[in-house]
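# Structure at a glance
One-letter residues, chain by chain:
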Amino acid sequence: MLEDWVAFGYLISAVLFVIGLKKLGHPRTAPKGNQYGMMGMTVAVITTIINMHFLPGGIVGWTIIGSGLIIGSLIGYTMAARVEMTGMPEMVALFNGFGGAASALVALSEAWKWIENTSPEPGLAATVTVVAVGLSSLVGWMTLTGSVLAMYKLKGGIEVFGKWIRTPTWGPTWLNPIKGLLFISVLVMIYLSIEEPTNTNYIWGIIAISCILGIVLVLPIGGADMPVVVSLLNSLSGIAAAFTGFIFNNSVLIVAGSLVGASGLILTNIMCRAMNRQLVDVLFKSFGGSEKQELTRTKMGSDAEEVAMMADGAQKIIIVPGYGMAVSQCQHQVKEFADLMAEKFDTEVKFAIHPVAGRMPGHMNVLLAEANIPYEQLKDLDEINPEFEDCDVALVLGANDVVNPAARHDTTSPIYGMPILDVDKSRTVIINKRTMNTGFAGIQNELFGFDNSIMVFGDAKDMLQQLLKDLKEL
Ligand code: NAP
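Here the structure is a predicted model, which means the values were calculated and not measured.

The next subject is the packing of aromatic side chains. Counted under the stated rule, the structure contains 3 aromatic pairs. With 6.5 Å between their ring centres and 40 degrees between their planes, Phe95 and Phe98 make a pair best called tilted. Highlighted residues: Phe95 and Phe98, both in helix α4 (residues 88–118), separated by 3 residues, approximately one helical turn.

Put into structure tokens, the structure is as follows:
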């Protein structure tokens, strides 16, 4: 009877996950999607506790369950409450890693229990378990080390003895055979453990090599290609969970893991298309890397007053937000500016959203939605690019790599081939950032030197506040 309720609980949570995922497909329904996901997870956790505690053979005591819940909730709450909006991408990367590690740890403990309790002989049942444990360990540990490294890369460096250094983004060709060798050696160890299921040395070997594999896979990947890697790691964390679900036949883990794995793969595909890359190229050619270029050019900056005068005469303005908008948290001022232009000057205002702008998929959409900017005003790259030619002012707010024309013609550039927002085709491009410094990919942007470009130096929020003041006085 209890088993039926457990199966029913898992079914309900799987259905809630699927509905949640469907609702996450549109910005308007996304908050509801999150709520469905949370409900699904709550049902899954309660069902698992019932399953582990009350069923015959259940092994988990209330002290362990209670401590896990309290410690986990406190850590999760503190991290979520303290994280700055700009730190969200790093936190997402870290959570991917924790997801992978959690699955791999569960796989490890299940394998241990299974070996100690049953002393398994080679055979079909042992093969299934050993392969699932091996694959879960491979994907889980690789996801952990890869994600921690990705987190530091998103931060822009690694702290060593209190000093920030940039993580290398080189791709020596000798790393590729090493990646292949490491991968093959894990597969060989999984194969060998089928013959000797009780030999735990293979599991330790798989764990060690998988950790190294995560590092060598992510280390050489260049800044501009990080979105692909982050979404791939997200997918891997789900795949690890699904493998673990197979080990002890847990249907909700298989369903939830497969959903995360599949949606992460779809996102990876979207990111690859956004960057005009093949996944294998990103992982094995490492052409997205570059040493950070030093500041070589300077340009006189303009000010908010001049921007106000240009905006006053513009019939069409396209706002191009980038990571700098997330840093300055100026989305509410952006909304006020867009409304003021439309109401006071009858200007057509649109937003151009590059798929990899910011530091996580959908970063700009999330921020602009927070400021209640109507979704209809947000245009994606393919839709907005033809419109720059008849645009009076393209206002680039803290964006850099996603508007860098080098992507079109400079074959040596790490962002070569990535579709960009064609802001340079507008009559005037106003670029607001604090300095002439490079963006995430670490490369100079020739757009800043174009004749139709005007730099306005300063924090985006300060600049917009001054611009709003000037516009209201006109
Ligand atoms: P970006 O190329 O990183 O440039 C952001 C610019 O914002 C910087 O040049 C910076 O210049 C400026 N900035 C920072 N703080 C500012 C502030 N308070 N006010 C005004 N400007 C400010 O950003 P992007 O054009 O959005 O391109 C995204 C990059 O991140 C791409 O290379 C992408 O591949 C990578 N990436 C994306 C994701 C993703 O999923 N979206 C994930 C990982 C990596 P100053 O310092 O001079 O102000």
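Next up on the list: the environment of Met79. Along the polypeptide, Met79 turns up in helix α3 (residues 62–82). Assessed through its relative accessible area of 24%, Met79 is described here as partly exposed. Residues Met79 and Glu110, spaced 31 residues apart in sequence, show a C-alpha to C-alpha distance of 29 Å. Contact partners of Met79, with chain neighbours within four places excluded, come to Met91, Leu94 and Phe95.

This part takes up the site of the ligand. Surrounding the ligand, one finds 31 residues, the nearest of these being Asn400, Asp401, Arg434, Thr435 and Asp459. Within the backbone of Ala357, an N or O atom sits 3.3 Å from a nitrogen atom of the ligand. Burial of the ligand by the protein chains amounts to 97% of its free accessible area of 920 Å². Residue contributions to the shell around the ligand peak at 4 residues, all from helix α12 (residues 323–328).

This paragraph deals with the pattern of salt bridges. Under the defined criterion, the tally for this structure stands at 12 salt bridges. Linking Glu387 and Lys350 is a salt bridge whose minimum nitrogen-to-oxygen distance equals 2.9 Å. Remark: Lys350 occurs in strand β4 (residues 348–353) and Glu387 occurs in the loop between α15 (381–384) and β6 (393–397); sequence separation between them is 37 residues. Assigned by exposure class, Glu387 and Lys350 land together as buried. Its salt-bridge partner being Asp422, residue Lys425 comes within 3.7 Å of it at the nearest N-O pair. Within the structure, one salt-bridge network assembled from shared partners comprises Lys316, Glu348, Lys350, Glu387 and Asp390.

At a minimum axis separation of 7 Å, α4 and helix α5 (residues 124–155) run at an interaxial angle of 155 degrees. By the angle class used here, α4 and α5 are roughly antiparallel. The handedness of the crossing between α4 and α5 is left-handed. Its residues placed into classes, the contact of α4 with α5 shows 18 nonpolar, 10 polar and 2 charged.

Quick look at the confidence of the model for the protein now. Close reading of the predicted structure is inappropriate where its pLDDT is low. Per-residue pLDDT for the protein has a mean of 87; in total, 90% of the residues score no lower than 70. Across the protein, element-level confidence peaks in strand β3 (residues 316–321) with a mean pLDDT of 97 and bottoms out in strand β2 (residues 163–165) with 49.

Before going further, it helps to spend a moment on the sheet that holds strand β7 (residues 428–433). Sheet strands pair by backbone hydrogen bonding; their relative direction is either parallel or antiparallel. One open sheet accounts for 6 strands, arranged β5-β4-β3-β6-β7-β8; its pairing is parallel. The open sheet is flanked by β5 (378–380) and β8 (453–457), the only strands paired with a single partner. Adjacent strand axes in the sheet meet at a mean angle of 25 degrees when their direction is disregarded. In this structure, β6 lies alongside β7, joined through 5 bridges in parallel fashion. Considered in β7, the bridge of Leu395 is made with Ile430. On the sheet, helix α11 (residues 304–312) packs against β3, β6, β7 and β8 and is oriented at approximately 135 degrees with respect to β8.

The subject of this paragraph is the pairing of β8. The element β8 is largely enclosed, with a buried count of 4 among its 5 residues. As paired strands, β7 and β8 are joined by 5 bridges and run parallel to one another. Paired with Asn432 across the strands is Val456, a residue of β8.

Time to look at the environment of Ile415. With respect to the element layout, Ile415 can be found in the loop between α16 (406–409) and β7. Taking the C-alpha atoms as reference points, Ile415 and Ala224, separated by 191 residues in sequence, lie 6.2 Å from one another. Residues contacting Ile415, with those up to four places away along its chain left out, are Ala224, Arg277, Asp401, Asn404, Ala407, Ala441 and Ile443.

Residues Val320, Val334, Phe337 and Phe351 are the most contacted members of the largest nonpolar core, which totals 103 residues. Per-element tally for this core: the top contributor is helix α8 (residues 226–247), with 8 residues. With near-sequence residues (within four places) excluded, Phe351 lies in contact with Ile319, Val334, Ala338, Leu368, Ile373, Gln377, Leu378 and Lys379.

All right, on to the state of the cysteines then. Applying the stated criterion across every chain, the model contains 0 disulfides. Here Cys330 stays unpaired: no disulfide links it, and the sulfur of Cys391, its closest cysteine neighbor, is 18 Å away.

Now for unusual backbone geometry. Of all residues except glycine, most have a negative phi; of all peptide bonds, most are trans. With phi around 55 degrees, Asp346 is a residue other than glycine that occupies positive phi space. Of the residues examined, Asp346 reaches a relative accessible area of 68% and is grouped as exposed.

Cut-offs and rules
Residues numbered from 1 in each chain as written. Predicted model: local features only at pLDDT ≥ 70, side-chain atom pairs only at ≥ 80, totals over all residues. Heavy atoms only, no water. Phe/Tyr/Trp six-rings, centres within 6.5 Å; stacked < 30°, edge-to-face > 60°. Helix = DSSP H or I, 4+ residues; strand = E, 2+ residues; numbered from the N terminus. Buried < 20%, exposed > 50% of the residue type's maximum accessible area, 1.4 Å probe, protein only. Contact = heavy atoms within 4.5 Å. Near = heavy atom within 4 Å. Polar contact = N/O pair within 3.5 Å; in protein donor to acceptor, adjacent residues only side chain to side chain. Areas by Shrake-Rupley, 256 points an atom, 1.4 Å probe, with all protein chains shown as cover. Salt bridge = Lys/Arg side-chain N within 4 Å of Asp/Glu carboxyl O. Axes fitted to C-alpha atoms, helices over the stretch in contact; angles between N-to-C directions. Parallel < 35°, antiparallel > 145°, perpendicular 65-115°, else oblique. Left-handed = near helix turned anticlockwise from the far one by under 90°. Nonpolar A, V, L, I, M, F, W, Y, C, P; charged D, E, K, R; others polar. pLDDT = per-residue confidence, 0-100. Pairing = 2+ DSSP bridges. Core = buried A, V, L, I, M, F, W, Y, C linked by side-chain atoms within 4.5 Å. Disulfide = S-S within 2.5 Å.

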